[in-house]
Amino acid sequence: MSVIQSSEALEITAYLLITFLVSAMLALLAGKPLSQLARTRNRRGNQPRNAAPHLSRLGGVGVFAALLGGLFGSAGVLWIMDAGLPILPDLAIPLALASSILFIIGLFDDLHGVTPVVKLVGQSVAALIMYYGGFRIEVLSFIPGHELALGIVALPVTILWLVGVSNAFNLIDGVDGLAAGVGIIALATVTAGALILENTGMALYSVALTGGLVGFLRYNFPPARILLGDSGSLVVGFLLAVLTVKGGSNTEGVVYALVPIFSLGYPLLDTGVAMMRRWLRGVPLSRGDSRHIHHLLAELGLTRGRSVLVICAGSAVLAALGLSAAFANPIITIAATITGVILVLSALGYGIGKLGYDEFLEAGASVMSAARNGRLVIQDKINARDVARSIQSASSLEAIAEILSNAAKMFRFAHMELRRESQAEGIPDDIIDDYASLRLWKLKYPISGGPSADAETWILTIWGKIRVTARPVGAERIGHVLAPAISSWLSARRQAGDLQEETRSVGN
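Conventions used here
Along every chain, residues carry numbers that run from 1 in the direction the sequence is written. Only residues with pLDDT of at least 70 are given local features in this predicted model, and only at 80 or more are side-chain atom pairs given and counted; all residues enter the totals for whole chains, interfaces and linings. To obtain the side-chain values, all non-hydrogen atoms of the structure were included, while hydrogens and water were left out. By convention a nonpolar core is built from buried Ala, Val, Leu, Ile, Met, Phe, Trp, Tyr and Cys residues, the set being connected through side-chain atoms within 4.5 Å. Working definition: with a 1.4 Å probe on protein chains only, accessible area under 20% of the residue-type maximum means buried, over 50% means exposed, and in between means partly exposed. In what follows, residue pairs with any heavy atoms lying within 4.5 Å of each other are defined as contacts. Put simply, the grid is 1 Å and covers the protein atoms alone, a cavity is a trapped set of points that fit a 1.4 Å probe, a pocket is an open set with protein on both sides within 12 Å along at least five of seven lines, and lining residues have an atom within 4 Å of a point. Grid points are joined across faces, edges and corners, and a volume is the space filled by probe spheres set on the points. Helical segments are the DSSP runs of H or I of at least four residues, strand segments are the runs of E of at least two, and each set is numbered from the N terminus. Residue polarity is assigned by list, with Asp, Glu, Lys and Arg as charged and Ala, Val, Leu, Ile, Met, Phe, Trp, Tyr, Cys and Pro as nonpolar; anything else, Gly included, falls into the polar class. Stacked, edge-to-face and tilted labels apply to pairs of Phe, Tyr and Trp rings (six-membered ring for Trp) whose centres lie within 6.5 Å, assigned for plane angles under 30 degrees, over 60, and everything in between, in that order. Axis definition: a line fitted to C-alpha atoms, over the contacting stretch in the case of helices. Angles run 0 to 180 degrees between N-to-C directions. Rotating anticlockwise by less than a right angle from the far helix to the near helix defines a left-handed crossing, while the corresponding clockwise rotation defines a right-handed one. Patch membership needs two things, relative accessible area over 30% and no salt bridge, and members are linked within 9 Å if like-charged or within 5 Å if nonpolar (Val, Leu, Ile, Met, Phe, Trp, Tyr). Only the protein chains shown count as cover for residues, and the accessible areas themselves come from Shrake-Rupley with a 1.4 Å probe. The term salt bridge refers to a pairing of a side-chain nitrogen on Lys or Arg with a carboxyl oxygen on Asp or Glu at a separation within 4 Å. Note: two strands are recorded as paired if DSSP finds a minimum of 2 bridges between them. Reported orientations rely on four angle classes, namely roughly parallel under 35 degrees, roughly antiparallel over 145, roughly perpendicular from 65 to 115, and oblique for the rest. Confidence of the predictor at the level of single residues is captured by pLDDT, which takes values from 0 to 100.

> Describe the nonpolar core, with residues and values.
Most often, soluble globular proteins have nonpolar side chains that are buried together. Within the largest apolar cluster, 72 residues are counted, with the highest numbers of intra-cluster contacts made by M130, L162, L209 and F238. Residue contacts for L162: discarding those within four places in its chain leaves A127, M130, F135, F238, A241 and V242. Membership of the second largest hydrophobic core comes to 29 residues, among which are M416, A483, I486 and L490.

> Describe empty space enclosed by the protein, naming the residues involved and giving the relevant values.
Applying the stated criterion across every chain yields a total of one cavity of 30 Å³ or more. In this model, the largest cavity occupies a volume close to 40 Å³. Together, A27, A30, G31, L34, G59, G62, V63, F216, Y219 and I226 line the largest cavity. Within the residue set of the lining of the largest cavity, elements represented by two or more residues are α1 (3–43), α2 (59–80) and α7 (200–220). At four residues, the largest contribution of residues to the lining of the largest cavity is made by α1. In the lining of the largest cavity, the residues fall into seven nonpolar, three polar and no charged.

> Can you tell me about the packing of aromatic side chains, naming the residues and giving the values?
Going through the model one piece at a time under the given rule, you end up with four aromatic pairs. With a centroid separation of 5.2 Å and 85° between ring planes, the pair formed by Y131 and Y132 is classed as edge-to-face. We classify Y132 as exposed; its relative accessible area is 59%. Their ring planes at 90° and their centres at 6.1 Å tell us that F413 and W441 sit as a pair that is edge-to-face.

> Tell me about the packing of α7 against helix α8 (residues 229–247), and please be specific about residues and values.
Interaxial distance between α7 and α8 falls to 10 Å at its minimum, and their mutual angle equals 145°. Crossing of α7 against α8: the hand is left-handed. Where α7 approaches α8, its residues M202, Y205, S206, L209 and L213 are matched on the opposing element by V236, L239, L243, K246 and G247. In the contact of α7 with α8, the residues fall into seven nonpolar, two polar and one charged.

> Explain a nonpolar patch on the surface to me, using residue names and the numbers behind them.
A surface patch of nonpolar side chains, amounting to about 400 Å² of accessible area, comprises M276, W279, L280 and L285. Structurally, L285 can be placed in the loop between α10 (265–281) and α11 (293–299). The class of L285 is partly exposed, set by a relative accessible area of 42%.

> Outline the sheet that holds strand β2 (residues 146–149), listing residues and values.
Judged by pairing direction, the sheet is mixed, and its three strands sit side by side in the order β2-β1-β3 without closing on themselves. Looking at the sheet topology across the chains shown, the edges are occupied by β2 and β3 (254–256). Going across the sheet, the axis of each strand differs from the next one's by a mean of 35°, ignoring polarity. Pairing geometry for strand β1 (residues 139–143) and β2, over three bridges, is antiparallel.

> Give a description of the packing of helix α3 (residues 92–111) against helix α4 (residues 116–132) that names residues and reports values.
At a closest axis distance of 8 Å, the pairing of α3 and α4 adopts a crossing angle of 170°. Classified by the angle between their axes, α3 and α4 sit roughly antiparallel to one another. Counting all contacts with α3, which are made through P94, L95, L97, A98, I101, L102, I105 and D109, the residues of α4 involved are V118, K119, G122, Q123, V125, A126, I129 and M130. Tallied by class, the residues present in the contact of α3 with α4 amount to twelve nonpolar, two polar and two charged.

> Any chance you could break down the pattern of salt bridges for me, citing the residues and the numbers?
The full count for this structure, using the stated rule, is four salt bridges. Three or more residues joined by partner-sharing salt bridges are found here, namely D109, K119 and D230.

> A description of the confidence of the model for the protein should follow, citing residues and the corresponding values.
Averaged over all residues, the pLDDT of the protein equals 79, while 78% of them reach at least 70. The low-confidence segment residues 40–51 (pLDDT under 50) makes 20 contacts with residues lying over four places distant or belonging to another chain. Segment residues 501–508 is flagged for pLDDT under 50; beyond a separation of four residues in sequence, or across chains, it makes 19 contacts in the model.

> Give me the lowdown on the pairing of strand β4 (residues 415–420), citing residues and values where you can.
The buried fraction of β4 amounts to six of the six residues, a majority that puts the element mostly inside the structure. Burial along β4 is two-sided: H415, E417 and R419 and M416, L418 and R420, pointing in opposite directions, are all buried. With six bridges connecting them, β4 and strand β6 (residues 457–465) associate as antiparallel partners. When the sheet's bridge partners are listed, L418 is paired in β6 with L460.

> I'd like a rundown of the pairing of β1, residues and numbers included.
Pairing of β1 with β3, which is carried by three bridges, proceeds in the parallel orientation. Its bridge partner being in β3, S141 is matched across the sheet by Y256.

Structure representation (structure tokens):
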């Protein structure tokens, strides 16, 4: 390395170090008065929404101030020292504008509350500002030497990434020290990647934000005295979305995709799990709950501090794998990627049972059941339609009774019968022993006897054994196929005037 190159490297190192120190010092100085302000507000009965007792959600104010102070303060110091480096790097104006929008919305949410729609609109506007300000995800590289151009989908991918990561980081701000710890690990990865790619500007942003989070962590690590709040989590998440991409991009704009994905592995994983859980439950995706990974680790007996350390350790491993994979040869890249995927899937497989994620257990059981019995279910539904056609051409109720009795064996049911709702229900002779030993289940499927107002309701009853060698197809599904055919037959016979008045059950 030449003397000029060594001198430039020292200047860059000094610039980054001063930025970090200024930002960390400002965050440390801001933390105490902000936590005291929270106690004052609580005594006046004006506690911020969703805040724990005596805890402020205004930590984001300190982090945001420290970020700006670190950038401008270090620039001022170096200007005085006549270091001759650029004062602010690329994307300074769009980043400042977009971050300010999210900070204002988040602060208003911390103090008074805003709807999810307002936050989503604000995030989308901020994302558009960044896109048209020069931040674009246009070319991806998962393996060195292989690139994927996004073309016309660059805009939606960019917006989705910025909004998604901002929300993902907001969701993990649920345990003392977690959001800050995960953010610091991601930023360390960004800084390393940016320096490898000689992207000094992104490294500067990263160390400024790192300093703010380190200073904030002094008051946020369990037991916390101040919380990040939406004013912090929305901004930090948004900046991480930008920095992890830009810090992992070369001078030609190619994004080494494993850097941002692995750097933000935990927020992305936890958010994906939360969205899938809510979708499986059929509840709104925006509805909050206490079933995040960090919440359930505490329920397993881990202290808040240990939960944070476990998650941060896992995040650090993933981030290191992503950084190694992005800049290694293709063989190591593939090996590191496979290792990361195996680690994530293993953690998911182990955690689903240990953390009590019943949604995934039931979904997995349903998928396995469909894989095992899919062909059988299709066969039974086809057979049910054949039976329905036979019913429609039946000559009498006795014929329908015989059709149902024979079809019961085909569907692996114990018995099927049709009777009037007004008739007393009996127990068929062929299942009376199983009925006495309580080894049967029964489904009653009401069927309209015709379109007229005085048409009596009929009942299709399906009996099944609780334990059988071959599991029966869903009785309700079969009833849904047979019922229209029976109703149509009853209606036609009633209109013809030859529907016999029978008082006994048709199968006895």
